[in-house]
Amino acid sequence: MALNMESLAEATSGAVGSLLSTTILYPLDTCKSKYQAELRAHGQAKYRNTLDVLLEAISSRQVLSLYQGLGTKNVQSFVSSFIYFYGYDFFKKLYLKRSGFKSIGTRDNLVIAVVAGAFTVIITQPLDTASSRMQTSDFGKSKGFWKTLSEGTWSEAFDGLGISIILTSNPAIQYTAFDQFKARMLKEKMKSKRGVESSPESLSAFSAFVLGAVSKCFATCITYPLIRCKVMIQSAESEEDGEDEAELKARKTISGSLRAIWKKEGLMGFFKGLQPQILKTVLSSALLLMIKEKISKTTWVLLLAVRRYLFLTRARVKSS
């Protein structure tokens, strides 16, 4: 029961943290995604940077369109984070219980994180695809979740699934690094409370923010070319792209999107939008982990209080 309760606390706090960070940073995410999705030769690009996307929304009086797809994105963020954190925490504790080890190594931690991430992606991919298409559609022309998905085939709802599974290495690297640093920072505190039943020690908000930012920045730089390919694969078809059907179809594959980037933008095209991607993902992940650390401790205290209350109530019933 304790194992499931701890996993549930981790999953709930992680999901709430993801929901809040996604909502706060969503306009930046929309600008970033539209900039990444654009594929044009040098000198013909509509957007020079993400600021141009923001200025377009302001000049066309479509500022609220920066939030297009927010509902779907929030559902996707909450569900995926809940499944990921529950699976990650559950399998990590199960591994420690069966192996008899007191701590988990970096390699095994990474494997567990990748498995949890891949399982999450398979379940939530249609939500991810829909939110990406809604974000990258022309301002004021975004469609609802069901209409966005119903316009294509069921297989198209899973556009980018392969690359999404590959990209599970991104959060896997991030969370593994975060857990290792966190374990070292809390080692002394845990020693002082050995043998005392209390809530698990948590990082300070500032420490969680810094560790989250550093770990996510490293993971993002390594995997960025694939991140941009994923956005292009899942993006909506713009009326201004000027591409024929064959070109659009070719862009829906990993190899096709890589070739298209190389052909039209060259080597630097693989890193187009890296700065706003780092800004958004670092802030998002840092906020998520900071909020999760605070909520996780509170959630654990509440669950512990409920367990004690039920135990005392059961004892009183038996004694009477």
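Residues numbered from 1 in each chain as written. Predicted model: local features only at pLDDT ≥ 70, side-chain atom pairs only at ≥ 80, totals over all residues. Heavy atoms only, no water.

Here we take up the overall build of the protein chain. Looking only at helices and strands, the protein chain features eleven helices and zero strands. Along the chain direction, N to C, the helices and strands of the protein chain fall in the order α-α-α-α-α-α-α-α-α-α-α. Taken over 320 residues, the protein chain has a buried fraction of 47%. Considering only residue pairs separated by 6 or more positions, the protein chain has 80% of its internal contacts joining residues 24 or more positions apart. (Helix = DSSP H or I, 4+ residues; strand = E, 2+ residues; numbered from the N terminus. Buried < 20%, exposed > 50% of the residue type's maximum accessible area, 1.4 Å probe, protein only. Contact = heavy atoms within 4.5 Å.)

Since one α-helical turn is 3.6 residues long, residues separated by three or four positions face the same way. The first and last C-alpha atoms of helix H10 (residues 254–265) sit 16 Å apart over twelve residues, in line with the 16 Å expected at 1.5 Å per residue. Residues of H10 that are buried: Gly-256, Ser-257, Ala-260, Ile-261 and Glu-265. Projected down its long axis, H10 shows its buried positions confined to an angular sector of 135°, all on one face. Relative to its buried face, H10 has exposed residues pointing more than 90 degrees away, namely Arg-259, Trp-262 and Lys-263. Two to three positions downstream of the cap, the backbone nitrogen of Gly-256 sits 3.0 Å from a side-chain oxygen, assigning the N-cap of H10 to Thr-253. Immediately downstream of H10, the backbone of Gly-266 shows phi near 75°, a positive value. (Expected span 1.5 Å × (residues − 1). Arc of directions from axis to C-beta. Polar contact = N/O pair within 3.5 Å; in protein donor to acceptor, adjacent residues only side chain to side chain.)

Ranked by size, the top nonpolar core spans 17 residues in total, and within it Tyr-84, Phe-85, Tyr-88, Tyr-175, Phe-178 and Leu-203 carry the most contacts. Listing elements by their share of this core, those giving two or more residues are helix H3 (70–99), helix H4 (106–136), helix H7 (169–192), helix H8 (205–234) and helix H11 (274–319). For Phe-85, the residues in contact, after removing those within four places along its chain, are Glu-10, Ala-11, Gly-14, Ala-15, Tyr-175, Leu-288 and Lys-292. If you look at the next biggest cluster of nonpolar residues, it comprises eight residues, including Ala-213, Leu-274, Val-282 and Ala-286. (Core = buried A, V, L, I, M, F, W, Y, C linked by side-chain atoms within 4.5 Å.)

The description of an aromatic ring pair uses the distance of the two centres, along with the angle that the planes make with each other. Counting across every chain of the model gives nine aromatic pairs. On the basis of an interplanar angle of 80° and a centroid distance of 5.7 Å, the ring pair of Tyr-84 and Phe-85 is categorised as edge-to-face. Judged by relative accessible area, which is 5%, Phe-85 ranks as buried. Residues Trp-262 and Phe-270 carry aromatic rings whose centres are separated by 6.4 Å and whose planes lie at 25° to one another, so their mutual orientation is stacked. Classification of Trp-262 by relative accessible area gives exposed; the value is 53%. Taking the relative accessible area as the measure of exposure, Phe-270 reaches 13% and is therefore buried. (Phe/Tyr/Trp six-rings, centres within 6.5 Å; stacked < 30°, edge-to-face > 60°.)

Looking at the element boundaries, Tyr-95 is found in helix H3. Each C-alpha atom, one on Tyr-95 and one on Asp-108, is 9.0 Å from the other, the two residues being 13 residues apart in sequence. Not counting residues within four places of it along the chain, the set of residues in contact with Tyr-95 comprises Phe-101, Ile-104, Asp-108 and Ile-112.

Below, the discussion takes up the side chain of Ser-164. With respect to the helices, strands and loops of the structure, Ser-164 is situated in helix H6 (residues 161–166). Overall, Ser-164 belongs to the buried group, its relative accessible area being 4%. Side-chain polar atoms of Ser-164 contact the backbone oxygen of Gly-160, separated by 2.8 Å. Ignoring anything within four residues of it in the chain, the contact list for Ser-164 reads Val-121, Gln-125, Asp-128 and Lys-230.

With that settled, consider the pattern of salt bridges. With the rule as written, the count across this model stands at eleven salt bridges. The salt bridge partner of Glu-56 is Lys-46, with a shortest N-O separation of 2.9 Å. A residue pair is termed long-range when its members are at least 10 positions apart, and Glu-56 in helix H2 (residues 50–59) and Lys-46 in the loop between helix H1 (2–37) and H2 qualify at ten residues. A residue is classified by how much of its surface remains accessible, and Lys-46, at 33% relative accessible area, is partly exposed. (Salt bridge = Lys/Arg side-chain N within 4 Å of Asp/Glu carboxyl O.)

As a further point, take a nonpolar patch on the surface. Judged by side-chain polarity, Leu-51, Leu-54, Leu-55, Ile-58 and Val-63 come together as a nonpolar surface patch covering roughly 410 Å² of accessible area. With respect to the helices and strands, the residue Leu-51 is situated in helix H2. (Patch = residues over 30% accessible without salt bridge, like charges linked within 9 Å, V, L, I, M, F, W, Y side chains within 5 Å. Areas by Shrake-Rupley, 256 points an atom, 1.4 Å probe, with all protein chains shown as cover.)

What follows is about the side chain of Lys-280. Counting through the fold element by element, Lys-280 comes out in helix H11. On the basis of relative accessibility, which here comes to 16%, the residue Lys-280 falls in the buried class. Not counting residues up to four positions away in its chain, the partners in contact with Lys-280 are Leu-25, Leu-28, Asp-29 and Lys-32.

In this model, the protein chain carries an average pLDDT of 80, and 87% of its residues clear a pLDDT of 70 or more. Confidence, read as mean pLDDT per element, is least for helix H9 (residues 245–250) in the protein chain (68) and greatest for H2 (92). (pLDDT = per-residue confidence, 0-100.)

A few words on the packing of H8 against H10. It is the contact of H8 with H10, at a shortest axis distance of 9 Å, that shows an interaxial angle of 105°. Viewed along their axes, H8 and H10 adopt a mutual orientation that is roughly perpendicular. The residues of H10 that touch H8, namely those facing Arg-228, Cys-229, Met-232 and Ile-233, are Ile-254, Ser-257, Leu-258, Ile-261 and Glu-265. (Axes fitted to C-alpha atoms, helices over the stretch in contact; angles between N-to-C directions. Parallel < 35°, antiparallel > 145°, perpendicular 65-115°, else oblique.)

Okay, H2 next. Those residues of H2 that fall on the buried side of the exposure criterion are Thr-50, Asp-52, Val-53 and Ala-57. End-on view of H2: buried residues confined to an arc of 155°, all on one side of the axis. The backbone nitrogen of Leu-51 has a side-chain oxygen 3.1 Å away, supplied by the residue at the start of H2, namely Asn-49.

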